[in-house]
Amino acid sequence: MTEKEGYNSENFDFSTLKPILNAKQNVKLPVSETKGNTKMILIFSQHRFYRHLVVELAEAEITLNGKPKNPLTFIDPTDMIWKTESQEELKFYTGISKFRNNYDAGKSESDLEGLKAMAKNPLGFEVYLHDEKVSTNITASSIIPGQLKVLKVDLTLTVDEKGDFLKFRQNCCWKISLSLWICLR
């Protein structure tokens, strides 16, 4: 908008923004306006064609026996980043975001850090694994409950002596439940 169209930066009234800027930031996670008990859940699956790890954050109404029911509402984790002050939660949402649309077959250090942040699960979301034998689409009937945690590190250090030289080789693997293996070689 130019000054000819009626906008004058010198005459802008910033007092209308004051209540917004001074408001307390006690933001809760958004829950949809549906009636009943809803929960946020974390869903691990594989990409249909590329077979890479895909992680989704969803919201679902919960049945009386504690199982999610349709429809599952998928939530963009980057929207949640702006609603948290905690560094652990920020890393958690960023880790989910990294694997939400994952098309990269390579392993990087940031992939490992993202998985570690998700394994901490600072918000205590229930974790589910998508069973594509039931349905290729993620639905309440095609997800099974799981647990996500970091187990002990399997570290192997091999030393070979060749004359006056020593050759070191390392193999380090982190096993994360849900049958996910991340190995750095």
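Just above, that's the structure.
Quantities reported herein were computed from a predicted structural model and do not represent experimental measurements.

Before going further, it helps to spend a moment on the environment of L90. Among the structural elements, L90 can be located in helix α3 (residues 87-100). Taking the C-alpha atoms as reference points, L90 and T78, separated by twelve residues in sequence, lie 9.3 Å from one another. Other than its neighbours up to four places away in sequence, L90 contacts I81 and T84.

With that out of the way, let us pick up the sheet that holds strand β2 (residues 53-62). Ordered by their spatial adjacency, five strands build an open sheet running β3-β2-β1-β4-β5, and the pairing between neighbours is mixed. A strand with exactly one partner marks an edge of an open sheet, and here the two such strands are β3 (68-75) and β5 (143-146). Neighbour-to-neighbour, the strand axes of this sheet turn through a mean angle of 40°, independent of strand direction. Where strand β1 (residues 38-46) and strand β4 (residues 126-130) come together, four bridges link them in parallel fashion. By the bridge assignment, I43 is partnered in β4 with Y128. Strand contacts of α3: β1, β2 and β3, with the helix running at about 115° to β2, the strand carrying the most contacts.

Moving on, we get to the environment of L64. Counting through the fold element by element, L64 comes out in the loop between β2 and β3. Exposure remark for L64: the relative accessible area of 93% places this residue in the exposed category. Along the primary structure L64 and N37 are separated by 27 residues, whereas in three dimensions their C-alpha atoms are 9.0 Å apart.

In this structure, the second largest pocket occupies an estimated 300 Å³ of space. Of all the elements in the fold, those that place two or more residues in the lining of the second largest pocket are β1 and β2. Here the residues of the lining of the second largest pocket are counted per class, giving four nonpolar, eight polar and four charged.

Turning next to α3. Its 14 residues give α3 an end-to-end C-alpha distance of 20 Å, which sits within 8% of 20 Å, the value for a rise of 1.5 Å per residue. For α3, the complete set of buried residues consists of F92, Y93, G95, I96 and F99. The buried side chains of α3 occupy one side of the element, clustering within an arc of 155° when seen end-on. Taken together, the buried residues of α3 touch β1, β2, α2 (77-81) and α4 (109-120). For α3, the side-chain oxygen to backbone nitrogen distance between the N-cap and E88 is 3.3 Å, and the N-cap itself is S86.

Before going further, it helps to examine the pairing of β1. Regular strands place their side chains on alternate faces of the sheet. Counted residue by residue, β1 has seven buried out of nine residues, so it is predominantly covered. Note that β1 and β2 share nine bridges and pair antiparallel. The residue of β2 that forms the bridge with K39 is A60. Counting the residues that bridge the hairpin from β1 to β2 gives six residues, and of these R51 lies at a positive phi of roughly 65°.

The next subject is the packing of α3 against α4. At their nearest, the axes of α3 and α4 sit 8 Å apart, and the two run at 125° to each other. Considered as vectors, α3 and α4 are oriented oblique to each other. Judged by the twist between their axes, the crossing of α3 over α4 is left-handed. Here α3 contributes E88, K91, F92, G95, I96, K98 and F99 to the contact with α4, which in turn contributes S110, D111, G114, L115, A117, M118 and K120. Partitioning the contact of α3 with α4 into residue classes produces six nonpolar, three polar and five charged.

Right, let's talk about the nonpolar core for a bit. When a protein is soluble and globular, its nonpolar side chains tend to lie buried together. Counting residues in each nonpolar core, the largest one holds 19 residues, and the members touching the most others are L42, V55, L57, Y93, I96 and M118. Taken together, the elements giving at least two residues each to this core come down to β1, β2, α2, α3 and α4. Looking at this core element by element, the count peaks at four residues for α3. Grouped together as the second largest cluster of nonpolar side chains are seven residues, I41, I43, L72 and Y128 included.

Analysis parameters
Residues numbered from 1 in each chain as written. Predicted model: local features only at pLDDT ≥ 70, side-chain atom pairs only at ≥ 80, totals over all residues. Heavy atoms only, no water. Helix = DSSP H or I, 4+ residues; strand = E, 2+ residues; numbered from the N terminus. Contact = heavy atoms within 4.5 Å. Pairing = 2+ DSSP bridges. Axes fitted to C-alpha atoms, helices over the stretch in contact; angles between N-to-C directions. Buried < 20%, exposed > 50% of the residue type's maximum accessible area, 1.4 Å probe, protein only. 1 Å grid on protein atoms, 1.4 Å probe; cavity = no way out; pocket = protein on both sides within 12 Å on 5 of 7 lines; lining within 4 Å. Points joined across faces, edges and corners; volume = space filled by probe spheres on them. Nonpolar A, V, L, I, M, F, W, Y, C, P; charged D, E, K, R; others polar. Expected span 1.5 Å × (residues − 1). Arc of directions from axis to C-beta. Polar contact = N/O pair within 3.5 Å; in protein donor to acceptor, adjacent residues only side chain to side chain. Parallel < 35°, antiparallel > 145°, perpendicular 65-115°, else oblique. Left-handed = near helix turned anticlockwise from the far one by under 90°. Core = buried A, V, L, I, M, F, W, Y, C linked by side-chain atoms within 4.5 Å.

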